[in-house]
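Here's the letter readout for the chains.
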Amino acid sequence: MDFPKEFVWGTAAAAPQIEGAAFEDGKGESVWDRFSRSPGNTHAGANLDVACDHYHRFESDFALMKELGIKHYRFSIAWPRILPVGTGEVNTKGVDFYNRLIDSMLDHGIQPWATMFHWDLPQPLEDAGGWRVRDTPLAFGRYADTIVKAFGDRVKHWITLNEMRCFTQLAYGHTSRPPGVVESEKVVNQTYHHALLAHGLGVRSVREYGGEGAEVGITDDSIVPVPIMETPEHIAAAQAAFSEMNIRSIDPILRGAYTDDYFRITGADAAEISPGDIEIIGSSTDFFGMNIYTGVYVRAGEDGKSETLRFPTNYPSADADWLKLIPQAMYWGPKLARLVYDVPGVYITENGAGYDDVPDDNGEIIDLHRRQYVRQCLCELHRSLSDDVPVKGYFLWSFMDNFEWNDGYTNRFGICYTDYETQSRVPKLTALWYKEVMAKNRIL
Ligand code: BGC
């Protein structure tokens, strides 16, 4: 179970989930600041004001990462820290913060992997229409130019967007994510289109200002269809389902086109596409980032078409019910991305499991449940490598327990335990095990 020599091992987190300092040093309000403060949107009314206080504690967090042998770290830059109202004047204190953060990472021997957008849209942009309107991706393009120019001398790995489904479909077609309003299907499709455009503009910023050796890709939570058994007909069903299930997100990016299938599926609700958009959306990228926690089982139906199976109520999941434990998704995700889209390289930009861990009497967190799942996922990832799928790296979500969106501070995903009273971090068993895996470059 050895991994290739150049394989990238890392951990991941995101600004809104860990930084805190939600209104410090000129940071503007994000949609998640607003949404989390409205009653009923998060578990126990949790908000992002303090979170893990990483804003003030990054030095010690990076020291702990170093101790754990973490050499690559995927973090995100908060748009409202750089541009408090989303456009216009740059907040120099915000730029200074990320300069200090990136310098400290590098001082600790940690390579920065920067996500430009992890859902924290500046609230004024939402008030002006959010992802429904074209001004938002255009503003994103200017924001991307600003951060790539500011940090591109040190950041060589860029990720444009994190999981577009979560700030389009789940935000404008469902009440769980801000703004939490249910709009028509046509509007939802338009928000997808604007997110795609933002991605393309982000890619162009890196190409223009990223300097030598800069790489860029997207991180997607592609739905991964897992064949119910690995026989040719069920594999073919999974392959057909992969493209169809992701038709509004990665499909246009990776094909550089909206296909006939897109127009067939969306019909009269298809997005309005302006001239030149497709070229921007299809801008070539260097890698494809996949966040894989779970998947869906599919089979070939009687008519040969793929059928998605419902989970029986007693199917095992993590403490978060949505996270059905399907380690094979870690094989099929990269494999299908390669088969269907011939992606140049895959990074697993997130994987992990959320549980309500509690320290034992000795203060240890023996999270064998998480360790077991992550280990099974890595075995499946290794299987895809054996099939010559170009998987280049893996980032475990998350470095430490943090603000888990609607679940607030429950449903912990960290490999380090966060004590929110004292803000101490305690490596869990998974962190100690992962340290050895990274050092030996092998599943242990
Ligand atoms: C997101 C993270 C989140 C994780 C676990 C992903 O959808 O990118 O921000 O914490 O899943 O829910």
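This text gives an overview of the structure that appears in the document. (Residues numbered from 1 in each chain as written. Predicted model: local features only at pLDDT ≥ 70, side-chain atom pairs only at ≥ 80, totals over all residues. Heavy atoms only, no water.)

1. Topic: the sheet that holds strand 3 (residues 111-117)
With respect to topology, eight strands assemble into a closed barrel ordered 1-2-3-4-5-7-10-11, the strand pairing being parallel. Averaged over all pairs of adjacent strands, the angle between strand axes in this sheet comes to 25°, irrespective of strand direction. Here strand 1 (residues 8-12) runs beside strand 11 (residues 391-397); their pairing, made up of five bridges, is parallel. Across the sheet, Ala 12 pairs through a bridge with Trp 397, a residue of strand 11. (Pairing = 2+ DSSP bridges. Helix = DSSP H or I, 4+ residues; strand = E, 2+ residues; numbered from the N terminus. Axes fitted to C-alpha atoms, helices over the stretch in contact; angles between N-to-C directions.)

2. As for the layout of surface pockets
Roughly 700 Å³ of volume is contained in the largest pocket. Taken together, 30 residues line the largest pocket, and the ones lying closest to its centre are Glu 163, Arg 165, Cys 166, Asp 221 and Trp 322. Partitioned by chemical class, the residues of the lining of the largest pocket number 12 nonpolar, 10 polar and eight charged. If you trace the second largest pocket, you find 13 residues lining it, with Trp 9, Gly 69, Lys 71, Met 438 and Ala 439 closest to the centre. Of all the elements, helix 16 (residues 429-440) adds the most residues to the lining of the second largest pocket, at three residues. (1 Å grid on protein atoms, 1.4 Å probe; cavity = no way out; pocket = protein on both sides within 12 Å on 5 of 7 lines; lining within 4 Å. Points joined across faces, edges and corners; volume = space filled by probe spheres on them. Nonpolar A, V, L, I, M, F, W, Y, C, P; charged D, E, K, R; others polar.)

3. Looking at the packing of aromatic side chains
Counted according to the given criterion, the structure contains 42 aromatic pairs. Between Trp 119 and Trp 405, the aromatic rings sit 4.4 Å apart at their centres with planes inclined by 40°, giving tilted as the arrangement. In this pair, Trp 119 sits in the loop between strand 3 and helix 6 (123-127) while Trp 405 sits in the loop between strand 11 and strand 12 (416-419), placing the two residues 286 residues apart along the sequence. As far as the burial class goes, Trp 119 and Trp 405 line up, both buried. Through successive ring pairs, a cluster of aromatic residues spans Tyr 55, Phe 58, Phe 62, Tyr 73, Phe 75, Phe 97, Tyr 98 and Phe 151. (Phe/Tyr/Trp six-rings, centres within 6.5 Å; stacked < 30°, edge-to-face > 60°. Buried < 20%, exposed > 50% of the residue type's maximum accessible area, 1.4 Å probe, protein only.)

4. Let's talk about the side chain of Arg 177
Inspection of the secondary structure assignment puts Arg 177 in the loop between helix 8 (169-172) and helix 9 (185-209). Buried charge without a salt bridge: Arg 177, with Glu 163 as the nearest opposite-charge side chain at an N-O distance of 5.7 Å. (Lys, Arg positive; Asp, Glu negative; His and termini not counted. Salt bridge = Lys/Arg side-chain N within 4 Å of Asp/Glu carboxyl O.)

5. Regarding helix 9
With 25 residues, helix 9 ought to run about 36 Å at 1.5 Å a step, and its terminal C-alpha atoms sit 36 Å apart, in line with that. Within helix 9, 18 of the 25 residues are buried, which leaves it mostly tucked inside the rest of the structure. Directly after helix 9, the chain includes Gly 211, whose backbone phi takes a positive value near 75°. (Expected span 1.5 Å × (residues − 1).)

6. Looking at the site of the ligand
Close contacts around the ligand come from 13 residues, with Gln 17, Glu 163, Glu 350, Glu 404 and Trp 405 the closest. Expressed as a share of its isolated accessible area of 310 Å², the protein-covered part of the ligand is 94%. A molecule is said to occupy a pocket when more than half its atoms come within 2 Å of that pocket's grid points, and by this definition the ligand occupies the largest pocket. Across the shell around the ligand, the residue classes tally to six nonpolar, four polar and three charged. (Near = heavy atom within 4 Å. Areas by Shrake-Rupley, 256 points an atom, 1.4 Å probe, with all protein chains shown as cover. Sits in = over half its atoms within 2 Å of the grid points.)

Geometric values such as these leave the question of function open.
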